[in-house]
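Spelled out, the chains give:
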2 protein chains.
Amino acid sequence: MQWTKVLGLGLGAAALLGLGIILGHFAIPKKANSPAPQDLDLEILETVMGQLDANRIRENLRELSREPHLASSPRDEDLVQLLLQRWKDPESGLDSAGASTYEVLLSFPSQEQPNVVDIVGPTGGIIHSCHRTEENVTGEQGGPDVVQPYAAYAPSGTPQGLLVYANRGAEEDFKELQTQGIKLEGTIALTRYGGVGRGAKAVNAAKHGVAGVLVYTDPADINDGLSSPDETFPNSWYLPPSGVERGSYYEYFGDPLTPYLPAVPSSFRVDLANVSGFPPIPTQPIGFQDARDLLCNLNGTLAPATWQGALGCHYRLGPGFRPDGDFPADSQVNVSVYNRLELRNSSNVLGIIRGAVEPDRYVLYGNHRDSWVHGAVDPSSGTAVLLELSRVLGTLLKKGTWRPRRSIVFASWGAEEFGLIGSTEFTEEFFNKLQERTVAYINVDISVFANATLRVQGTPPVQTVVFSATKEIRSPGPGDLSIYDNWIRYFNRSSPVYGLVPSLGSLGAGSDYAPFIHFLGISSMDIAYTYDRSKTSARIYPTYHTAFDTFDYVDKFLDPGFSSHQAVARTAGSVILRLSDSFFLPLKVSDYSETLRSFLQAAQQDLGALLEQHSISLGPLVNAVEKFEAEAAALGQRISTLQKGSPDPLQVRMLNDQLMLLERTFLNPRAFPEERYYSHVLWAPRTGSVVTFPGLSNACSRARDTASGSEAWAEVQRQLSIVVTALEGAAATLRPVADL
Amino acid sequence: MQWTKVLGLGLGAAALLGLGIILGHFAIPKKANSPAPQDLDLEILETVMGQLDANRIRENLRELSREPHLASSPRDEDLVQLLLQRWKDPESGLDSAGASTYEVLLSFPSQEQPNVVDIVGPTGGIIHSCHRTEENVTGEQGGPDVVQPYAAYAPSGTPQGLLVYANRGAEEDFKELQTQGIKLEGTIALTRYGGVGRGAKAVNAAKHGVAGVLVYTDPADINDGLSSPDETFPNSWYLPPSGVERGSYYEYFGDPLTPYLPAVPSSFRVDLANVSGFPPIPTQPIGFQDARDLLCNLNGTLAPATWQGALGCHYRLGPGFRPDGDFPADSQVNVSVYNRLELRNSSNVLGIIRGAVEPDRYVLYGNHRDSWVHGAVDPSSGTAVLLELSRVLGTLLKKGTWRPRRSIVFASWGAEEFGLIGSTEFTEEFFNKLQERTVAYINVDISVFANATLRVQGTPPVQTVVFSATKEIRSPGPGDLSIYDNWIRYFNRSSPVYGLVPSLGSLGAGSDYAPFIHFLGISSMDIAYTYDRSKTSARIYPTYHTAFDTFDYVDKFLDPGFSSHQAVARTAGSVILRLSDSFFLPLKVSDYSETLRSFLQAAQQDLGALLEQHSISLGPLVNAVEKFEAEAAALGQRISTLQKGSPDPLQVRMLNDQLMLLERTFLNPRAFPEERYYSHVLWAPRTGSVVTFPGLSNACSRARDTASGSEAWAEVQRQLSIVVTALEGAAATLRPVADL
């Protein structure tokens, strides 16, 4: 070959190779360098749903509820170890787990000197005593670890006086007794559970000079009227006659001695004399068989119709016993309470799965661990689900199959029964870190109250993720319904945006979500399976807080087969995965618009005229709500547009921060100085009757009967400004971030 | 050519092209797909430094100080328009700009009825009057826009009584007068500026029954003793005899009627009767020529040596005038104050350069706009710098040369002179958004007090960025020093970590940074050029808050050539660019360790024994400080390691969030309920003498003389726990984000 040809071929070859290199480099997009961002993996979700095992939940529950595990008891500490062992398991555990302990003020009955309720005859002798313990019906109601029924934090004391019946112990109940001409000074008031909080009964009673309070559960309220042993547990799910609801009578939540500070040993503790929120007078709960002995022998006027119950007699008001009854007419009731306050160590257990991409974003999922007795339903039905969820996710993690985009934090809180203590101390200790990083808090306490339908309480932004999750899970009941389709049959509302949808309840302070939503402003939810209200009117599952809340109770009556437990596990699991793994956070902030609009309409309809009389305009509130609606809708549009493209992970992170942090904009720590921990201007406790912004509702209710220009009307204006400022701030947070 | 050859060549060519394509695609990394993350560009920084023009700053100042521009005056509003025009300029403006207006409570003297200070003879006739205006020395001290000297927010009233001299009006000064047997009831107290805050003089005076207060500036305190017209402006930088320092006498900051709420028209306003923080008695400032007439004629005991000044006579205490003086001995002084409170519109102007990568991170840079009279130094020297900085950055932006990584927000605050009102209302309106997103706040108010050296006040994390910036900028003085090297000659300290370094001052509440650091917990700094203290002891530049603070004053005496202004512009500019453009935020959180360690040591040395006597241990505080130190150091290590690799932008964002949000962890809105806005547990006002954590210092100082077990000692323990909790929370925020 001629050298020129060789050269020519060589040059040509080089040129072709070069052209190829250029084409290869520039003309073909390189996939490997910009991988698709980690997003929710539906296959993983399917796997998790499939692996959540009803029988394992059942076995968890059996173990968890095997022994009573009152907060800070040895068995409570054993369960701490059980959780740690599970969460550190090399094959199904989490990335790490640990326990942290707080030194908190709890209240217990004396073991040496049990609380007693006696009837004392005219000569001073005891002529009748109420039961000190529940009847040992299944062999689980005896033994030293079953705490005697008591009213936690009720002061000790031995008041004695004539008995009166005070219905539910509400303020209006005592007023009614006064109206009836009954002198309350020095009496013992028998009240029934329900209507007002536990502690409120003693607070109201003491205001009227009552010396001691008894509280019982009426079969009308808990047993659909049934009360005989053969109609109650272990023959049905109803409360046996000797069953007594224990409970905390403390008005606030968190460790009583360390408000706003974590109860670590070194923390400042309020002097006991300065602690507020404890019941002011001795209080003791009793079973309805004892209540029947007292109530059915009362003298005096017949109680109003709404005060009557199902004890099988006409309830009278007292004071004292009727001459023709079982006790001498001038017999008195003695309530001897020997409760003790004790500083005890209570542990939280925390476990984490580290996020692969955004480890500093936490999806927090928790339940308390402590019970009153065996606590099979409360709280172990939730803990059984928690353990099964952590097992399934932990197994995928340890196998290397999956790691979430964001971190998932599992929590087992201590001492919830005494007032959400473990969770509250945790939020006090890690306030800033949690507030900055937590995407949402998911609470599953009692996972199954009954097996009819899902029930979710939560703030509006979580609605969408719960709907998405529940539409994809089969309902355990008959028929081929999704949990969503079953749910909508029991709880629904007509949404102006979506039409008929399941309705979410709002979050009070009934479980550990309270500090997260009210104190930290973290979007929260509480998930459970619950009643068919056409089948029972029980105010709660009947053995609540009694020694009858046992494994067999659940296994036989509440959820045989554990399919409702499984449904809750699947729902919570799907919600967790969607929150931890979705590239775009599935928190729909525009769903707050419906709440705001409904609060606004209630204010306009029910308070508008009154406010106008006092020259207070709702105009700024209208503007603020409209601004919020517009900004939330516009943000939704921007998200939709972005989702169609292939957005940069940093861009999505910024948007997600707007979604995550919206709930924080509703916090104002100076809004309700008298309400401990409550800072959320939309969900603080509402005492006013109008279902609107709580600060406004409460202030109006207080100002209603005062003159214009009063302090109370100034407070109405202040509350209105607080809400307007919060809503304007919320709208500003949703605006494009570089808009001034 | 044979077809086989052709085929061979073709196949060969195709193979070569294919090989090239493969090589090009796989073997050569594609830069375009994973570009280096946007980081600080040193060339851009050089360009900005070079373009910041002293002469343009001078021209800005000439325009800004051309007319008096008291808050909410027409000229103040003109300057709003000037700022908007500059920031909307198509060639040198920002991305967007706008003004927002608040309706705030200001205080002005009556134009119809000027405030007067008269000497009233024994028969009730006025025998001498103080000047009502400053002398029109340069033609700029007259005219209707020069507001009469007054004490803003002092109540109107016409008290009359014998004159006493009360030094600086501190609590101990009035006690000294009492000790000297002087009856203060009904007197008029003459006080000099300095020592305590303006408002405190009247508060202290009123406690002792004083009826009215006069305040003057002693030549000893402001003029290095000089007082004659030929030694003062316009012949030197010193204060002329007629010069009077105006000022706000309001004790708090923010709009007085809307604490914690933005002063939008609809916001709730406190009833005037319930406003606290205004001076309780009529108060009026006067010049030292008038003060000389009063003070040099006083009767009574000779004042203590430390009370003497430079008026050229022996200062006596009074009460009343001496018989051999200019006025009859029983003459009284009448102080007639006719100030009025008025709701006025005051505007903030905001402008933004949108960040290219992280638009939701704000570097916030601001100064107030309002002055007392022409305000050439205060605040226009700062605004002149602000405008030059925005011009240079705006020009690069509009040319397409540069866009910062993060957003830069420029702010011109209204009504600062009345109590940081514009900035405070802004933080109230956008509390959450700012707290979540602001990287740092940079304040340049008075940019040049004098031209000797840089002076920076700030929180520890900003030290490093200020040092980096100032090491690269030439100092305007003689020699070839950097600003840093010049600075270290005037203000320095020995750091256990770095050796000798310039010392940053801490932030009080002297300018608009106050709400950002104290209320929002945003890392903040205040930058200025200032005095050579070996050359003057003036408590501030002499014409401060007078009608002599004019353009010529700056041009001739303070900074001829404007090189100190330029140095401040370059320093602020470099700091802004480093904060907005650096991939890793240049906030060094471990620099807080030195502060904490020094606070801890002071507590141990000066309070340790006292605390031990009351069984209070500093152990938990020691642990918390050590934990902080360890976590901060470990985070520093992680950052160093990451910086050596090529970290993912999301990873760096997460680290930067830890750095940015550290300062927030020191906030506790419940720590100091009596201190409005102050929530930062490290920088709240300290009244106790021990330079340690302010809550601890103050509580100890109050408890010192009470018995163990008192409320005061409980407060010491509470404050200790608050600090420990904050430090533990801070350490938790610095930990690896997936560590529990």
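Residues numbered from 1 in each chain as written. Chains lettered and ligands numbered in written order. Predicted model: local features only at pLDDT ≥ 70, side-chain atom pairs only at ≥ 80, totals over all residues. Heavy atoms only, no water.

Chain A is annotated in an unreviewed UniProt entry as Aminopeptidase NAALADL1 from Gorilla gorilla gorilla. Here chain A is described in UniProt, under the heading Function (unreviewed entry), as follows: "Aminopeptidase with broad substrate specificity. Has lower activity with substrates that have Asp or Glu in the P2' position, or Pro in the P3' position. Lacks activity with substrates that have both Pro in the P3' position and Asp or Glu in the P2' position. Lacks carboxypeptidase activity. Lacks dipeptidyl-peptidase IV type activity." Per its UniProt entry, chain A bears the Subcellular location (unreviewed entry) comment "Apical cell membrane". (UniProt positions renumbered as here; feature names shortened; annotations may be inferred.)

A. Looking closely at the overall build of chain A. For chain A, the helix and strand inventory stands at 21 helices and 19 strands. With respect to the three principal axes, the spread of C-alpha positions in chain A is 140 × 65 × 55 Å. By the burial criterion, 61% of the 740 residues in chain A qualify as buried. In chain A, the proportion of contacts linking residues at least 24 apart, taken out of those at least 6 apart, comes to 78%. A total accessible area of about 26100 Å² is found for chain A, and carbon and sulfur atoms account for 51% of it. (Helix = DSSP H or I, 4+ residues; strand = E, 2+ residues; numbered from the N terminus. Buried < 20%, exposed > 50% of the residue type's maximum accessible area, 1.4 Å probe, protein only. Contact = heavy atoms within 4.5 Å. Areas by Shrake-Rupley, 256 points an atom, 1.4 Å probe, with all protein chains shown as cover.)

B. Structural detail: the environment of Gly695 of chain A. Residues and elements named next belong to chain A. Within the secondary structure, Gly695 sits in helix α20 (residues 694-703). Of the residues examined, Gly695 reaches a relative accessible area of 4% and is grouped as buried. Distance in space between the C-alpha atoms of Gly695 and Ala671 is 7.8 Å, their sequence separation being 24 residues. Excluding its chain neighbours within four sequence positions, the residues that come into contact with Gly695 are Phe672 and Gln719.

C. Representation of the state of the cysteines within the structure. Residues and elements named next belong to chain A. Under the counting rule described, the total for this entry stands at two disulfides over all chains. Sulfur-sulfur distance for the disulfide between Cys296 and Cys313 comes to 2.0 Å. Judged by the sign of its S-S torsion, about -80 degrees, the cystine formed by Cys296 and Cys313 is left-handed. Here Cys313 lies in the loop between α8 (288-295) and β11 (332-336) and Cys296 lies in the loop between α8 and β11, a separation of 17 residues in the sequence. Judged by its relative accessible area of 13%, Cys296 falls in the buried class. For the unlinked cysteine Cys130, the closest cysteine sulfur is that of Cys296, found at 13 Å. (Disulfide = S-S within 2.5 Å.)

D. Focus on the packing of aromatic side chains. One pass over the structure, following the stated rule, counts 86 aromatic pairs over all chains. Summarising the aromatic geometry, the rings of Tyr153 of chain A and Phe278 of chain A are spaced 5.0 Å apart at their centres and angled 10 degrees between planes, so their arrangement reads as stacked. Of this pair, Tyr153 of chain A sits in the loop between β4 (151-152) and β5 (160-161) while Phe278 of chain A sits in the loop between β9 (247-248) and β10 (283-286), and the two are 125 residues apart along the sequence. Each member of the pair Tyr153 of chain A and Phe278 of chain A is classed as buried. Between Tyr153 of chain B and Phe418 of chain B the ring centres are 6.1 Å apart and the planes differ by 90 degrees, which places this aromatic pair in the edge-to-face class. (Phe/Tyr/Trp six-rings, centres within 6.5 Å; stacked < 30°, edge-to-face > 60°.)

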